[in-house]
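Spelled out from the first residue to the last, the chains are:
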Amino acid sequence: MSGENGQDERDPDAPGTGGQEGEQLALIRETVRKTRAKPRTWRGAALAGELPVARVLVDKGLVHLDQYFDYAVPAAMDAEAQPGVRVRVRFGARVVKGRREGGTLHDGFIVERRVDSDFHGPLAPLAQVLSEERVLGPALLALCRQVADRYAGSLADVVQLAVPPRMARAERDPSPAPLPDPPPPAPGSWERYATGPAYLAALARGDTPRAVWLALPGPHWPHELAVAMATALAGGRGALAVLPDGRAAARVDQALTELLGEGRHVLLTADAGPEERYRRWLAVSRGAVKAVVGTRAAMFAPVADLGLVALWDDGDSSHAEQHAPQPHARDVLLLRSREERTAFLLGGVTSTVEGAQLVDSGWALPLAASRAAVREAAPLIRTVSDADQARDEAARAARLPSLAWQVTREALTRGPVLVQVPRRGYLPRLACDRCRTPARCAACAGPLELKDQAGTPACGWCGRPAADWHCDECGGVRLRARVVGARRTAEELGRVFPSVPVRTSGRDTVLASVGDAPALVVATPGAEPVADGPGYAAALLLDGWALLNRPDLRAGEEALRRWALAAALVRPAGQHGTVVVLAEPTLRPVQALVRWDPAGHALRELAERAELRFPPVARMASVTGSPAAIADVMDTVRLPPGADLLGPVPVAGHDAAGGGRRERGDRGERGEPWERLLIRVPPGAGAALAAALKQVRVARAARGAAEPALIRMDPLDIG
DNA sequence: AGCACGCCGACT
DNA sequence: GTCGGCGTGCTC
């Protein structure tokens with residue numbers, strides 16, 4: 001076609017037109033469109049002989065289009081321009097009178113070296129090979145591809161999560177020589193689980209056992225996780241464990257060091273700092289170290305010969321990545337387990353519905369202890385119902401019912417007492433004292449807050465004071481603190497037990513552990529310190545109703561998880577370990593805690609989700625944006641069969657005018673409140689939904705859609 | 001996403 | 001006649 005000829009005429013390197021700087025190049029253009037082009041370059045440097053084309057994932061730029069771009073490999077870069085290395089390329093240039101102009105340097109990764117390109121046009125040369133380190137190897141690339149597809153996201157976004165930024169200094173140093181495989185560890189406390197030794201034996205054999213492991217309460221799980229990892233190492237394979245936070249990771253790290261010594265594993269957490277972290281990551285990428293313990297970013301760690309992936313406490317929300325496309329560690333590790341043919345271990349003190357589903361579908365086996373072993377390890381759980389509390393005179397005077405006082409007083413003679421309070425802060429939110437309906441602003445329906453001890457309650461959104469508040473539901477006029485924060489609880493307790501030290505652990509100061517001496521330890525969920533020695537003598541779980549009343553699909557599961565994690569730090573009932581939970585004993589999660597039956601709870605939740613066609617039995621995606629944006633998405637999308645739509649409903653706190661930095665929009669759509677639409681598809685159609693939504697994203701990005709829309713697979717916060 | 005080319009209204 | 005609006009399309 002003439003178009004191609006026209007391009008040839010402008011091509012300075014095309015045969016006959018003479019190259020730049022007089023360099024002669026063997027750059028023969030294809031003559032028929034069907035045949036692939038031999039690479040031609042614009043500048044005319046000599047090309048690499050064998051595989052002169054590098055397929056490059058350009059880091060920024062057309063991230064939404066999610067495609068590779070081919071570049072010519074100059075002969076001088078032939079050796080170092082290997083697949084997986086970081087490169088710098090010129091991108092976005094324009095042809096002006098036979099010359100390329102403009103274009104900015106972008107970082108990228110070579111994903112493949114090729115004989116030729118299917119791009120009809122002259123290739124720009126690689127500008128620079130930044131480093132010979134092959135950080136995006138084939139296995140990691142394939143994983144990123146799969147994660148991107150699963151979450152309807154772009155490859156570049158996922159790669160950015162998976163490959164840490166380069167730190168030249170860390171790259172210069174060689175990694176330590178790999179150590180020989182360690183001997184297999186003794187099963188130890190794994191014997192407490194009926195199928196524990198069998199699981200380890202399968203792991204040692206090189207099989208790929210998959211289990212959902214309900215860990216017994218108590219301090220043994222980090223060691224047990226380490227034993228599983230060491231067993232994989234002993235069999236000549238690698239192991240990866242992902243934990244919800246740095247403290248948990250540090251415990252497993254310590255257990256692994258005790259088991260294997262230094263040098264056979266690395267700890268990948270943010271605490272180490274970027275350079276040290278990259279140094280450790282490189283040791284993994286280079287195959288010098290085959291075991292990784294870390295927080296969620298470690299889920300991508302390119303462990304060689306991966307034999308086991310493990311995830312602890314998958315219900316913890318920090319396992320969901322914050323950056324696009326928000327992959328969840330459980331999903332990423334499930335993908336890895338399948339693709340890299342590894343064993344899988346999903347552990348926790350409780351089970352998520354997703355975990356229960358893995359067992360229910362037969363994909364994983366349950367790894368649990370007998371009822372007798374549970375009874376031996378679990379503390380005694382006692383409940384305080386609302387009725388108990390109301391009858392209790394002490395509840396009027398102070399914050400704690402008399403049972404809690406009795407238990408605390410007695411337990412403090414034997415050791416530390418844990419007090420779990422749902423939120424930090426000082427009387428943050430208010431509710432009707434009579435019916436417990438959350439108190440809302442009469443003007444804007446925002447939540448009422450108490451800024452200081454004595455002040456008037458005011459709206460947390462518009463700031464209006466609410467001096468003459470009354471409850472819309474029951475007409476009550478008294479407010480009560482929906483959640484009493486850690487600080488106030490600590491103050492009250494300190495006054496009642498003046499001789500006992502009070503320690504707090506919350507978001508700003510999280511204690512890893514406390515001693516075994518009597519003390520009151522006030523902590524928010526997830527920040528509970530481990531008590532040395534036999535554990536806490538007792539725990540008080542306060543404001544259970546606040547935890548359970550959250551308008552969230554997972555409220556029950558989450559309440560049980562938080563209670564059980566705290567209760568698991570308490571001594572067994574046989575050693576008088578007692579937990580007092582302020583919640584209705586008739587509620588399902590409370591019963592599950594009392595009986596210590598997290599598996600049963602998760603199975604019942606799973607059945608209910610199946611009945612209601614909720615995730616994870618069905619798969620969902622959310623589309624958030626202005627009504628126009630949502631309509632545009634829905635006009636574009638080709639949904640898989642069986643899909644149905646829920647909503648749209650207004651999204652709290654987000655609207656087009658207020659929310660953020662929206663520059664344009666003088667077209668009258670300003671002020672339109674944002675809405676969220678949920679798309680639900682039947683089991684098995686999740687991949688099709690993701691693919692459909694990805695197409696929408698690409699189409700909208702290409703068209704330069706005016707109204708932004710957030711598309712998200714498997715949103716966590718479904719009300 | 002940027003960034004340039006392209007085809008229709010009010011200015012020196 | 002020209003400067004400039006942002007609609008459309010491309011980037012290896």
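Residues numbered from 1 in each chain as written. Chains lettered and ligands numbered in written order. Predicted model: local features only at pLDDT ≥ 70, side-chain atom pairs only at ≥ 80, totals over all residues. Heavy atoms only, no water.

### Some points on the overall build of chain A
When helices and strands are counted, chain A shows 21 helices and 30 strands. Within the span of chain A, comprising 719 residues, buried residues form 51% of the whole. For chain A, restricting intrachain contacts to residue pairs at least 6 apart in sequence, the fraction spanning at least 24 positions comes to 73%. Counting every atom, chain A has about 32100 Å² of accessible surface; 52% of that belongs to carbon and sulfur. (Helix = DSSP H or I, 4+ residues; strand = E, 2+ residues; numbered from the N terminus. Buried < 20%, exposed > 50% of the residue type's maximum accessible area, 1.4 Å probe, protein only. Contact = heavy atoms within 4.5 Å. Areas by Shrake-Rupley, 256 points an atom, 1.4 Å probe, with all protein chains shown as cover.)

### Details of the packing of aromatic side chains
All chains considered together, the criterion is met by nine aromatic pairs. With a centroid separation of 6.1 Å and 15 degrees between ring planes, the pair formed by Y278 and W281 is classed as stacked. Note that Y278 and W281 are positioned in helix α8 (residues 274-285) at a spacing of three residues, about one turn of the helix. Like W281, Y278 is buried. If you follow R150 out to its NZ or CZ, it ends over the ring of Y151, 5.3 Å from the centre. Taking NZ or CZ as reference, R210 lies 4.6 Å from the ring centre of W363, over its face. (Phe/Tyr/Trp six-rings, centres within 6.5 Å; stacked < 30°, edge-to-face > 60°. Lys NZ or Arg CZ within 6 Å of the ring centre and 35° of its normal.)

### Observations regarding α8
Residues three or four positions apart in an α-helix share a direction because the helix packs 3.6 residues into each turn. If you check α8, its first and last C-alpha atoms are 16 Å apart, about what twelve residues at 1.5 Å a residue would give, namely 16 Å. With its phi angle positive at about 80 degrees, G287 sits one or two positions after the end of α8. (Expected span 1.5 Å × (residues − 1).)

### Details of the protein's contact with DNA strand B
In the vicinity of DNA strand B, the residues found are L62, H64, R94 and A701. Of everything in DNA strand B that lies within 4 Å of the protein, sugar and phosphate atoms constitute 40%. (Near = heavy atom within 4 Å.)

### A look at the protein's contact with DNA strand C
Near DNA strand C there are 14 residues, and of these D70, Y71, R100, F119 and A124 occur at the shortest range. Among the atoms of DNA strand C close to the protein, meaning within 4 Å, 43% are from sugar or phosphate groups. R94 has a polar side-chain atom sitting 3.5 Å from a base oxygen of DNA strand C. A124 places a polar main-chain atom, nitrogen or oxygen, 2.9 Å from a sugar or linking oxygen of DNA strand C. Secondary-structure elements contributing two or more residues to the surface near DNA strand C are β2 (69-72) and β3 (86-91). In terms of residue class, the surface near DNA strand C is made up of nine nonpolar, one polar and four charged. (Polar contact = N/O pair within 3.5 Å; in protein donor to acceptor, adjacent residues only side chain to side chain. Nonpolar A, V, L, I, M, F, W, Y, C, P; charged D, E, K, R; others polar.)

### Re the UniProt feature "binding site: Zn(2+) 1" (unreviewed entry) in chain A
If you check UniProt for "binding site: Zn(2+) 1" (unreviewed entry), the listed places come out as C432, C435, C471 and C474 in our numbering. Mapped onto the elements of the fold, C471 is located in the loop between β19 (458-459) and β20 (479-481). The class for C471 is buried, based on a relative accessible area of 3%. By the secondary structure assignment, C474 is in the loop between β19 and β20. Here C474 falls in the partly exposed class, since its relative accessible area comes to 28%. (UniProt positions renumbered as here; feature names shortened; annotations may be inferred.)

### Quick look at the packing of helix α17 (residues 555-567) against helix α18 (residues 588-595)
Running from N to C, α17 and α18 point in directions that differ by 30 degrees, and their axes come no closer than 9 Å. In this view, α17 runs roughly parallel relative to α18, as classed from their interaxial angle. Here α17 runs over α18; the crossing is right-handed. In this structure, α17 uses G556, L560, W563 and A564 to contact α18, whose residues at the interface are P589, V590, A592 and L593. (Axes fitted to C-alpha atoms, helices over the stretch in contact; angles between N-to-C directions. Parallel < 35°, antiparallel > 145°, perpendicular 65-115°, else oblique. Left-handed = near helix turned anticlockwise from the far one by under 90°.)

### Some details on the sheet that holds strand β15 (residues 380-383)
Strand order in the open sheet formed by six strands is β15-β26-β25-β16-β23-β21, and the pairing between neighbours is parallel. The open sheet is flanked by β15 and β21 (502-505), the only strands paired with a single partner. Geometrically, the sheet is characterised by an average inter-axis angle of 20 degrees between neighbouring strands, direction not taken into account. Two strands pair when backbone bridges link them, and β21 and strand β23 (residues 520-523) are joined in this way by four bridges, in the parallel orientation. Within β23, the residue paired with T504 across the bridge is V522. (Pairing = 2+ DSSP bridges.)

### Focus: the side chain of S351
Of note, S351 is situated in the loop between β13 (343-348) and α10 (353-360). Discounting chain neighbours no more than four positions away, the residues touching S351 are V212, L214, A356, E557, P598 and A602.

### Regarding the sheet that holds strand β10 (residues 266-268)
Pairing in this open sheet of seven strands is parallel, and the strands run β10-β11-β9-β12-β13-β8-β14 from one edge to the other. Pairing within the sheet leaves two strands with one partner each, and these edge strands are β10 and β14 (365-367). Neighbouring strand axes in the sheet, compared pairwise and without regard to direction, differ in orientation by 20 degrees on average. Across four bridges, strand β9 (residues 238-242) lies against strand β11 (residues 291-294) in parallel orientation. When the bridges of β11 are listed, L240 appears paired with V292. Against the sheet, helix α7 (residues 246-260) engages β10 and β11, with an angle of about 150 degrees to β11. Its contacts with the sheet put helix α9 (residues 329-339) on β8 (210-214), β9, β12 (306-312) and β13, and the angle it makes with β12 is roughly 160 degrees.

### Quick notes on the pattern of salt bridges
Where charged atoms from two side chains of opposite charge approach closely, those side chains can pair. Applying the stated criterion across every chain, the model contains 42 salt bridges. Between D70 and R55 there is a salt bridge, with its nearest N and O atoms 2.8 Å apart. A residue pair is termed long-range when its members are at least 10 positions apart, and D70 in strand β2 and R55 in strand β1 (residues 53-58) qualify at 15 residues. Accessibility assignment for this pair places D70 and R55 in one class, buried. Connected through shared salt-bridge partners, D314, R330, E354, R554, E557, R588, E605, E608 and R609 make up one network. (Salt bridge = Lys/Arg side-chain N within 4 Å of Asp/Glu carboxyl O.)

### Let's talk about the packing of helix α2 (residues 138-150) against helix α3 (residues 155-162)
Two numbers describe how α2 lies on α3: the axes approach to 8 Å, and their chain directions differ by 125 degrees. With respect to each other, α2 and α3 are oriented oblique. Classified by chirality, the crossing of α3 by α2 is right-handed. For the pair formed by α2 and α3, the contact residues are L140, L141, C144, R145, V147 and A148 on the first element and L155, V158, V159 and A162 on the second. The residue inventory of the contact of α2 with α3, partitioned by class, reads nine nonpolar, no polar and one charged.

### Focus: unusual backbone geometry
Residue P325 is reached from A324 by a cis peptide bond, and omega for that bond is -5 degrees. Position of P325 relative to the elements: it lies in the loop between β12 and α9. In the Ramachandran plot, A152 falls in the positive-phi region, its phi being about 55 degrees despite a non-glycine side chain. Note on placement: A152 falls in the loop between α2 and α3. By relative accessible area, A152 is classed as buried at 1%. One non-glycine residue, D714, lies in the positive phi region at around 45 degrees. Positionally, D714 belongs in the segment after β30 (709-713).

### Some remarks on the nonpolar core
Membership of the largest hydrophobic core comes to 71 residues, with the highest contact counts inside it found for W213, L243, L308, L345, W563 and W596. Broken down by element, this core gets its largest block of residues, nine residues, from helix α6 (residues 221-234). Counting 67 residues, the second-largest nonpolar core is a separate cluster that includes A148, L240, A329 and I711. (Core = buried A, V, L, I, M, F, W, Y, C linked by side-chain atoms within 4.5 Å.)

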